[in-house]
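Notes for the structure review
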Amino acid sequence: MTKFQDLGISPATMKAIKRMGFEEATPIQAQTIPLSLENKDLIGQAQTGTGKTAAFGIPMIDKIDYSQDVIQGIIIAPTRELAIQVSEELYKIGYGKRTRVLAIYGGQDINRQIRALKNRPHIIVGTPGRLLDHINRKTLRLENVHTVILDEADEMLNMGFIEDIEAILAQIPEEHQTLLFSATMPGPIKKIAERFMKEPQIVRVKTKEVTVSQIEQYYLEVQERSKFDILTRLLDIQSPELAIIFGRTKRRVDELAEALNLRGYNAEGIHGDLSQAKRMSVLRKFKEGSIDVLVATDVAARGLDISGVTHVYNFDIPQDPESYVHRIGRTGRAGKTGVAMTFITPREKSYLQVVERTTKRKMERMKPPTLDEALEGQQKAVIERILQSVESNNLQYYKQAAEELLEQQDATTIVQAVLKMLTKEPDTTPVKLTEEKPLPQKRERRFDDKNKSYGGQRGRQKAPVRSRQGSQNKRYSNSNNNNNNNNNNNRSNSNSYR
Ligand SMILES: Nc1ncnc2c1ncn2[C@@H]1O[C@H](COP(=O)(O)OP(=O)(O)OP(=O)(O)O)[C@@H](O)[C@H]1O
Ligand SMILES: [Mg+2]
């Protein structure tokens, strides 16, 4: 374990770190902070939830020249929610130095952002589309930037974003430091990455597996049409504190969230066709625990740090193995444990192997629970609740009623009735769920297909610099592209799950 004191961090930032409750540096922090303070370019790869944000945030804050009221650092992130989250973490790290950090992202009033930019932030955290928008309007000037960070770097250098990133980097002085961070870094993307860097140091925290060991990983072989019932049974048996369910498309997410609500679960969906206000309110409710199931497209797969997520369900298997790593990484963060379940339809079995090859870890097979098992699970949960209530010993008020009841019926019958009333019995409320086609079988895939990660070779093909039209439907073809609340900013929607 490494102490933050030994990493060359300033006293003001040390104080802020302490205030955040961090006691020791995580391995990726210990290994990259000193290099970063020496202005080295670097690629930092470490598992989900291991503190990469502070790994790039701490040295960035420490390298700001506070005698200059200009933008000196820029962080680019793939989604709006992530940009907001990263800006909040940077704000905390920069608390002692009064660092001004501003998030700019699509879906928020651009004039408000223009006004905020006039307050002379030191650091900008933004999504590519909106950053470019400001660059084109000349409301964002990057000529004093000395540090550039690509969070979720492999995603940022992927087909949908690379042109935007190149255009943003073209605005930054030649002499600057570039830092790339992600939990995944497929070989071909790393090659592209190196084009943007000067002799980058590659820091990979040495662990055999790409995923976090505290996440239990299971797969279940299910027929497409029985997925929903099996999901509800799992939810009943496992009663997760907070769960994220990933679906393949926006329509899928909408339908799933509605179906879950019809069956009495407290769920809401999040995807890129919702207004930004709605996206933020759903996420806030999930963080507060006023909804306990978040149904999401991959828009929520990367970087989001929500404490208390105990379960991740891949209702549809993700299209590439990197996405699997990031999705399940929403649980088991900062040393906590988590459970991940992935549904696989018979025709998608080959994808399982591709994922396992990438993560270097086998998922354990779990048999889909039967109705009886689900009921049993529910009953156990109810018994647990009753026993807890007994222990809380706060039952005096009910004593008389209980005694009167016992005069009318025997104890076993009464307890049976109570159990029945508290146990959630099979709910057959009809729900509408359009069947998703299975992902194409591996050997049928053509090489000119847009997403090559499963095409028999690992990672995507070389330099995926493509026209934006070419990348519109990169992954989730169910997009109707009605970016209803995007303030004329279509770029950030080039991947349709956003
Ligand atoms: N040194 C530390 N000690 C304790 N907690 C930490 C430390 N560093 C970071 N954390 C906390 O760990 C959590 C995960 O951090 P973070 O979101 O930066 O992970 P990440 O590596 O970026 O994950 P992902 O790959 O999913 O983006 C956050 O809540 C963060 O505040
Ligand atoms: Mg992160």
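This structure is a prediction, so every number in the text was calculated from the model and none was measured. (Residues numbered from 1 in each chain as written. Chains lettered and ligands numbered in written order. Predicted model: local features only at pLDDT ≥ 70, side-chain atom pairs only at ≥ 80, totals over all residues. Heavy atoms only, no water.)

Topic: the overall build of the chain
Which entries qualify depends on this criterion: By definition, any uninterrupted DSSP run of H or I lasting at least four residues is a helix, any uninterrupted run of E lasting at least two residues is a strand, and each is numbered from the N terminus. Burial status follows relative accessibility: with a 1.4 Å probe on protein chains alone, a residue under 20% of its type maximum counts as buried, one over 50% as exposed, and anything between as partly exposed. In what follows, a contact means two residues having at least one pair of non-hydrogen atoms within 4.5 Å. Note on areas: Shrake-Rupley with a 1.4 Å probe; residue coverage comes only from the protein chains shown.
Helices and strands together make up the secondary structure of the chain, namely 18 helices and 16 strands. Looking at the 498 residues of the chain, the share that counts as buried comes to 55%. Within the chain, contacts between residues separated by at least 24 positions form 78% of all contacts whose residues are at least 6 apart in sequence. A total accessible area of about 23000 Å² is found for the chain, and carbon and sulfur atoms account for 48% of it.

A look at the packing of aromatic side chains
For the record, the criterion: A pair of Phe, Tyr and Trp rings is counted when the ring centres sit within 6.5 Å of each other, with Trp represented by its six-membered ring. The angle between the planes then sorts it: under 30 degrees is stacked, over 60 is edge-to-face, the rest tilted. As a reminder, the over-ring test applies to NZ of lysine and CZ of arginine, requiring each to be within 6 Å of the ring centre and within 35 degrees of the ring normal.
Following the criterion strictly, the structure yields four aromatic pairs and no others. Here Tyr91 and Tyr95 contribute two aromatic rings whose centre-to-centre distance is 6.3 Å and whose plane-to-plane angle is 85°, an arrangement assigned as edge-to-face. In this structure Tyr91 comes out as partly exposed when scored by relative accessible area, which is 45%. Here Tyr95 falls in the partly exposed class, since its relative accessible area comes to 40%. With 5.7 Å between their ring centres and 55° between their planes, Phe315 and Phe343 make a pair best called tilted. Separated by 28 residues along the polypeptide, Phe315 in the loop between strand 14 (309-314) and helix 13 (321-328) and Phe343 in strand 15 (residues 338-344) bring together distant segments of the chain. As far as burial versus exposure is concerned, Phe315 and Phe343 are alike and both buried. The ring of Tyr95 is capped by Arg19, whose NZ or CZ atom sits 3.8 Å from the centre of that ring. Sitting above the plane of the Phe315 ring, Lys227 keeps its charged end 5.5 Å from the centroid.

Looking at unusual backbone geometry
Of note, Arg120 is a non-glycine position whose phi angle comes to about 55°, a positive value. Mapped onto the elements, Arg120 comes out in the loop between helix 5 (110-117) and strand 6 (123-126).

Structural notes on the side chain of Asn314
The line we're drawing: N or O atoms closer than or at 3.5 Å make up a polar contact, with two conditions inside protein: a donor-capable atom paired with an acceptor-capable one, and, for residues adjacent in sequence, both atoms drawn from side chains.
Counting through the fold element by element, Asn314 comes out in strand 14. A polar contact of 2.9 Å, which involves the side chain of Asn314, links it to the side chain of Arg327.

As for a positive patch on the surface
Defined as follows: To count toward a patch, a residue needs a relative accessible area over 30% and no salt bridge; like charges are then connected within 9 Å, while nonpolar side chains (Val, Leu, Ile, Met, Phe, Trp, Tyr) are connected within 5 Å. Should a side-chain nitrogen of Lys or Arg be within 4 Å of a carboxyl oxygen of Asp or Glu, the pair is scored as a salt bridge. Working convention for charge: Lys and Arg count positive, Asp and Glu count negative, and His plus the chain ends are omitted. In plain terms, the charge of a residue is placed at NZ if it is Lys, CZ if Arg, CG if Asp and CD if Glu.
Together, Arg204, Lys206, Lys208 and Lys360 line one region of the surface with positive charge. On the secondary structure map, Lys208 appears in the loop between strand 9 (201-204) and strand 10 (215-221).

Digging into the nonpolar core
Quick note on the threshold: To form a nonpolar core, buried Ala, Val, Leu, Ile, Met, Phe, Trp, Tyr and Cys residues must be joined to one another through side-chain atoms within 4.5 Å. Boundaries between domains were set according to an automatic or database domain assignment.
Residues Phe4, Ile9, Ile58, Ile75, Leu90, Ile123 and Phe286 are the most contacted members of the largest nonpolar core, which totals 51 residues. With six residues, the single largest contributor to this core is helix 3 (residues 52-62). Inspection of this core shows a minimum of three residues originating in each of domain 1 (2-204) and domain 2 (209-369). Beyond its immediate sequence surroundings of up to four residues, Ile75 is in contact with Phe56, Met60, Val86, Leu90, Ile123, Ile124, Val125, Gly126 and Ile149.

Details of the UniProt feature "short sequence motif: Q motif" (unreviewed entry) in the chain
Rules: UniProt positions are given in the numbering used here, feature names are shortened, and annotations may be inferred rather than shown by experiment.
The UniProt entry lists residues 2-30 under the feature "short sequence motif: Q motif" (unreviewed entry), expressed in the numbering used here. Between the end C-alpha atoms of residues 2-30 the distance is 6 Å, and the span holds 45% helix and 14% strand.

Some details on the packing of helix 10 (residues 227-238) against helix 15 (residues 371-392)
Rules: In this analysis an axis means a line fitted to C-alpha atoms, helices contributing only their contacting stretch, and an angle means the value between N-to-C directions, from 0 to 180 degrees. For classification, angles of less than 35 degrees are called roughly parallel, those exceeding 145 degrees roughly antiparallel, those between 65 and 115 degrees roughly perpendicular, and all remaining angles oblique. The handedness criterion is simple: a crossing whose near helix is rotated anticlockwise from the far helix by less than a right angle is left-handed, and one whose near helix is rotated clockwise is right-handed.
Between helix 10 and helix 15, the shortest axis-to-axis distance is 7 Å and the interhelical angle comes to 30°. One finds that helix 10 runs roughly parallel with respect to helix 15. Considering how the two elements wind past one another, helix 10 and helix 15 form a crossing that is left-handed. Where helix 10 abuts helix 15, its residues Arg233, Asp236 and Ile237 lie against Leu371, Glu373, Ala374, Gly377 and Gln378.

Considerations on the sheet that holds strand 13 (residues 293-296)
We apply this condition: Whether two strands pair depends on DSSP finding at least two bridges between them.
Here we have seven strands laid out as an open sheet, ordered 12-13-11-14-15-10-16, and parallel in their pairing. Strand pairing shows two members of the sheet lacking a second neighbour, strand 12 (267-270) and strand 16 (364-365), which therefore form its edges.

Notes on the UniProt feature "domain: Helicase C-terminal" (unreviewed entry) in the chain
Per the UniProt record, "domain: Helicase C-terminal" (unreviewed entry) is found at residues 214-374. With 38% helix and 22% strand, residues 214-374 has end C-alpha atoms that lie 25 Å from one another.

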